[in-house]
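# Secondary and tertiary structure notes
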2 protein chains.
Amino acid sequence: MQMAPENEEKTSNWFKGINVAKIVNAAKDAKQLGKEDPRRIIHSLKVGLAITLVSLFYYFNFSYEGFGVSAMWAIMTVVVVFEFSVGATLGKGVNRGIATLLGGALGVGAHRLASLSGGKAGMYHSRIIGFLSAVVTFIRFFPKLKARYDYGLLIIILTFSLISVSGYRDDEVLQMAYIRLSTILIGGSATVFICIFICPVWAGKDLHNLIATNIENLGIFFEGFGCEYFETKTDKDQETNASMDGYKNVFNSKGTEEALVNFAKWEPRHDKFRYRHPWDQYLKIGTLTRECAYRIDALNGFLHSEMQTPMEIRAKIQESCRKMSLECSYALKELALGINNMTFSLHIDHHILSAKAAAKKLKSSLKTGLWPDANLLDIIPAATVASLLIETVSYTVKIVDSVHELASLSQFENCDATLPNETSREEVTRSPGIESHSLSITVE
Amino acid sequence: MQMAPENEEKTSNWFKGINVAKIVNAAKDAKQLGKEDPRRIIHSLKVGLAITLVSLFYYFNFSYEGFGVSAMWAIMTVVVVFEFSVGATLGKGVNRGIATLLGGALGVGAHRLASLSGGKAGMYHSRIIGFLSAVVTFIRFFPKLKARYDYGLLIIILTFSLISVSGYRDDEVLQMAYIRLSTILIGGSATVFICIFICPVWAGKDLHNLIATNIENLGIFFEGFGCEYFETKTDKDQETNASMDGYKNVFNSKGTEEALVNFAKWEPRHDKFRYRHPWDQYLKIGTLTRECAYRIDALNGFLHSEMQTPMEIRAKIQESCRKMSLECSYALKELALGINNMTFSLHIDHHILSAKAAAKKLKSSLKTGLWPDANLLDIIPAATVASLLIETVSYTVKIVDSVHELASLSQFENCDATLPNETSREEVTRSPGIESHSLSITVE
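So, how was this worked out
Residues numbered from 1 in each chain as written. Chains lettered and ligands numbered in written order. Predicted model: local features only at pLDDT ≥ 70, side-chain atom pairs only at ≥ 80, totals over all residues. Heavy atoms only, no water. UniProt positions renumbered as here; feature names shortened; annotations may be inferred. pLDDT = per-residue confidence, 0-100. Contact = heavy atoms within 4.5 Å. Salt bridge = Lys/Arg side-chain N within 4 Å of Asp/Glu carboxyl O. Helix = DSSP H or I, 4+ residues; strand = E, 2+ residues; numbered from the N terminus. Buried < 20%, exposed > 50% of the residue type's maximum accessible area, 1.4 Å probe, protein only. Disulfide = S-S within 2.5 Å. Domains from an automatic or database assignment. Buried area = accessible area lost by both parts, 1.4 Å probe. Polar contact = N/O pair within 3.5 Å; in protein donor to acceptor, adjacent residues only side chain to side chain. Nonpolar A, V, L, I, M, F, W, Y, C, P; charged D, E, K, R; others polar. Phe/Tyr/Trp six-rings, centres within 6.5 Å; stacked < 30°, edge-to-face > 60°. Lys NZ or Arg CZ within 6 Å of the ring centre and 35° of its normal. Axes fitted to C-alpha atoms, helices over the stretch in contact; angles between N-to-C directions. Parallel < 35°, antiparallel > 145°, perpendicular 65-115°, else oblique. Left-handed = near helix turned anticlockwise from the far one by under 90°.

- Per an unreviewed UniProt entry, chain A goes by the name Aluminum-activated malate transporter 2 and belongs to Buddleja alternifolia.
- Quoted verbatim from the Subcellular location (unreviewed entry) field of UniProt, the annotation for chain A is "Membrane".
- Reading the Sequence similarities (unreviewed entry) entry of the UniProt record for chain A gives the comment "Belongs to the aromatic acid exporter (TC 2.A.85) family."

## A look at the confidence of the model for chain A
All names here are of chain A.
- Confidence along chain A averages 79 in pLDDT terms, with 78% of residues attaining 70 or more.
- Low pLDDT, under 50, characterises residues 416–444; the stretch is placed with 43 contacts to residues that sit more than four places away or in other chains.
- Per the prediction output, this complex has pTM 0.80; the corresponding ipTM is 0.79.

## Considering the pattern of salt bridges
- Inspection of the entire model under this criterion finds 29 salt bridges over all chains.
- When the shortest N-O distance is used, the salt bridge between Glu319(A) and Lys361(A) registers 3.4 Å. Placement of the pair is Glu319(A) in helix 13 (residues 311–341) and Lys361(A) in helix 14 (residues 347–367), with a sequence separation of 42 residues.
- Under the relative-accessibility criterion, Lys361(A) is labelled partly exposed at 46%.
- Of the charged contacts, one joins Asp150(B) and Lys146(B) as a salt bridge, the two residues approaching to 3.7 Å between their closest N and O atoms. Of the two residues, Asp150(B) and Lys146(B) are both situated in helix 7 (residues 143–170); the distance of 4 residues between them amounts to about one turn of the helix.

## Details of the state of the cysteines
- Applying the stated rule across the entire model yields 0 disulfides over all chains.
- Unpaired in terms of disulfides, Cys321(A) finds its nearest cysteine sulfur in Cys328(A), a separation of 11 Å.
- Under the relative-accessibility criterion, Cys321(A) is labelled buried at 1%.
- Summary of cysteine pairing: Cys328(B) is not part of a disulfide, and the nearest cysteine sulfur, belonging to Cys292(B), is at 7.5 Å.
- According to the relative accessible area criterion, Cys328(B) is buried, its value standing at 2%.

## Structural notes on the domain arrangement of chain A
Residues and elements named next belong to chain A.
- We note that the domain assignment places domain 1 (37–197) and domain 2 (203–429) within chain A.
- Counting residues at the interface gives 12 residues for domain 1, matched by 8 residues for domain 2.
- Carbon and sulfur atoms supply 62% of the area buried between domain 1 and domain 2, which totals about 840 Å² over both sides.
- There are 1 salt bridge connecting domain 1 and domain 2.
- Between Arg39 and Asp206 there is a salt bridge; the shortest N-O distance is 3.0 Å.
- Joining domain 1 to domain 2, the criterion identifies 2 residue pairs in polar contact (both at pLDDT 80 or more).
- Secondary-structure elements contributing two or more residues to the side of domain 1 that touches domain 2 are helix 5 (86–116) and helix 7 (143–170).
- Considering every element that reaches the side of domain 1 that touches domain 2, the biggest residue donor is helix 5, with 7 residues.
- Here the side of domain 1 that touches domain 2 is composed, by residue class, of 6 nonpolar, 4 polar and 2 charged.

## Considering the environment of Asn95(B)
Residue and element names in this part refer to chain B.
- Examined against the element boundaries, Asn95 turns out to sit in helix 5 (residues 86–116).
- Relative accessible area serves as the criterion here: at 8%, Asn95 is assigned to the buried category.
- Along the sequence, Asn95 and Ala331 sit 236 residues apart, while their C-alpha atoms lie 42 Å from each other.
- Ignoring sequence-local partners within four residues, the contact set of Asn95 consists of Arg148, Tyr149, Tyr151, Gly152 and Trp266.

## Comments concerning the packing of aromatic side chains
- Enumeration according to the criterion identifies 27 aromatic pairs over all chains in this entry.
- Ring geometry for Phe141(A) versus Phe84(B): centroids 5.5 Å apart, planes at 75°, classification edge-to-face. Of this pair, Phe141(A) sits in the loop between helix 6 (121–139) and helix 7 while Phe84(B) sits in the loop between helix 4 (72–81) and helix 5, which puts the two residues in different chains.
- Judged by its relative accessible area of 18%, Phe141(A) is buried.
- Judged by centre distance (5.6 Å) and plane angle (10°), the ring pair of Phe225(B) and Tyr229(B) falls under stacked. One end of the pair, Phe225(B), and the other, Tyr229(B), are both in helix 9 (residues 203–229), 4 residues apart, so they sit about a helical turn from each other.
- Positioned over the ring face of Trp266(A) is Arg148(A), at 4.3 Å from the centre of the ring.

## Concerning the packing of helix 9 of chain B against helix 12 (residues 280–303) of chain B
All names here are of chain B.
- Close contact between helix 9 and helix 12 brings their axes to 10 Å; oriented N to C, the two are set at 25°. Looking at the two axes, helix 9 sits roughly parallel to helix 12. Relative to helix 12, the crossing made by helix 9 is left-handed. Note on element contacts: helix 12 touches helix 9 through Tyr282, Ile285, Gly286, Thr289, Cys292, Ala293, Ile296, Leu299, Asn300, Phe302 and Leu303, opposite Leu207, His208, Ile211, Asn214, Ile215, Leu218, Phe221, Phe222, Phe225, Glu228 and Tyr229.
- Residue classes in the contact of helix 9 with helix 12 are distributed as 16 nonpolar, 5 polar and 1 charged.

## Quick notes on the environment of Ser189(A)
All names here are of chain A.
- Its location among the elements puts Ser189 in helix 8 (residues 173–197).
- Ser189 sits in the partly exposed class, given a relative accessible area of 44%.
- Each C-alpha atom of the pair Ser189 and Gly301 lies 53 Å from the other, and the pair is 112 residues apart in sequence.

## Things to note about the side chain of Ser85(B)
Residue and element names in this part refer to chain B.
- By the secondary structure assignment, Ser85 is in the loop between helix 4 and helix 5.
- Ser85 sits in the buried class, given a relative accessible area of 6%.
- Beyond its immediate chain neighbours, meaning those up to four positions away, Ser85 contacts Cys195, Val201, Ala203 and Phe263.

## Here's the deal with the UniProt feature "transmembrane region" (unreviewed entry) in chain A
- When the UniProt feature table is mapped onto this chain, "transmembrane region" (unreviewed entry) is found at residues 41–60, 66–86, 98–118, 149–169 and 181–203 of chain A.
- Taken end to end, residues 181–203 of chain A is 78% helix and 0% strand, and its two terminal C-alpha atoms sit 28 Å from one another.

## Considerations on unusual backbone geometry
Residues and elements named next belong to chain A.
- Unlike most non-glycine residues, Cys199 shows phi in positive territory, near 40°.
- Mapped onto the elements, Cys199 comes out in the loop between helix 8 and helix 9 (203–229).
- Look at Cys199 and you get partly exposed, because its relative accessible area is 46%.

And the structure:
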């Protein structure tokens, strides 16, 4: 008899323990999510605001009498269309609007067609609906259409089926199509208005910043690499060590980049971005950044490898390697800063030229035989590091070139604002053939 | 006066040309899509069938009188929930069903709460709806919830808003919640039934095949690499050359793998897969496959590099390199075949051991100085190829180990069915410590 309450107490304590721990963890996670990106909280509030406004609209008697139960389509549109970024919202909104129009027209057409056939309209109707749904479902597999219009095609099937099915019953099919379209327009415009005019989140800007951050991460690695590999660490370097792994984020950003490009294409002019900003160029830069990051990953492997090369062997390549890695670091960091400010600094070319000179010097000294009497297995890691660095120089050149292409396509300013005093703003013209340099390095 | 009809003809010809060409192209694309994966056509027909059946249901008078206009929820559910694979459909269906239940309960609750407050119910209502929508929208940002329950959370907001808003008007809120739930159940069960019992597409099986194909592609590269690099081409090799690039597909399959794992987790027992099949293990294998593919990409670069090593230098490493690459090829191809048949051949270990022996031999011969008088710049590419091959051996071991882990988790058969005559089915026990071998190779 004594056991029962004791057991009960234990169980309830155990339950409490679990629940309290879980709730505390969830709260911590929520706080972390909000801290990482406060726009998430703002977005949630914006969705709440939009739904409140549209549901208030539902309570006004005059609109209820006009639209009846169909006013709920307005709420539905807000819930379904409101996305995090302006581009995603506009894409879904435009898709939904046009698809409702098309699907409605098809539905009315199918209704007329079926009513011509007289008595057995129901059977004909169902078959037409089934056939058209199958066709549109197949169209959704086309990769180009899937990328931009998948949601629209879904809504065409939906509206078409609903209109033609309800039409058979109500015989007020035009009226219904009109009501559905106008309620969707009301919901959609409330959504788009709130999304654009209250703290907008632009997918294009996010993409722009993501590319800049990725390039900066590569630069940060190169900055630390020279000191790390040639073991001239000071206390300060201990800090950079942790941030040197930032380049690893580049590997996982491919999906995000593609999604953001798709959204950004829907966005109107904002900040310094025009309506037809060359968004596809960002994908090209992203791919080059990732290819460079793979070489960096291989270099990083040599930093932590247990198969170390003796110091005297490394010393022979130290000067050129440090030069290359530092100049690449300067170029990439200045490039990232320039992307952020929508400028293109002409200093970058100086850094690139120095890096190339160092690469050339290293190559010719490798030819003449730097290590005459050393063990081959000691040399291989050092030689691999050298050739990886030479490769990364050519990737840096490619990245600079593709950003330069972006800059000229989207009319960045050519400026030296980032380092105003060094060359007293002399007019440096960019050598046109920097693309050909990159080839000569890799082939050489 | 003569110009006008001529021009008109030209324009109409031009229009015709464009239209005919476009239509022909679209038809060709459609044919191609159907040929690539005939299941796409079957899926479209299945969707058409499901919508036809549910819309027929709408025409039966008794059900119309029972559910009224709400019967369209059934059609809506079919259109929105029917996805290509069983897992995706079940995931969406379960999410939609449970979310409708939860959202409905919340809606009824909010309705009761607001009606307690009397006259200004409308205002209170809107605020409650707005607040709860904001909270649920924020919850959608939790990464774990987003992966599996994003659609359900959206439907909670939707149902909750619709129920509580309509409830204020109709005062038949329980009735409406009941109707919405039952129509969704009818649409959902028709969808799930057709999806599972007519030519089902299992995401789990697709994932399983994708992993096997990726591993096979790595094996195909290794098979051709030895002949290509040491230039002992015959006419037959010309054919393999084209298929050697198959490993490049591995780079783009990460997103597909993650999506398929998410879908597969919803699927019931099918073929040889249990309900709780170790799907996450596939992600691990996929990652290792990609890491191996990056090394392969580097090796491929040396095949087409203009910086070629003289033949006499390559000849020194030829034997070990060809051995390693062939043994890896055999092991990977047998592994892929085994995954397809859900078996794990014990021959794989023999191939792995031979590849390791060759790697060890090459390492020790590199130490003793293979090329005493050669130019360093000639040696570096050959030495890099050798060390990349040694690395790929250790990646092959890792892939074999992770597939073996999958095999023991999901109870593959240990068998030698693939090569029945060679060892006369003697009982070979798998050495337990193969994991530790892989370490010793990389550290050595």
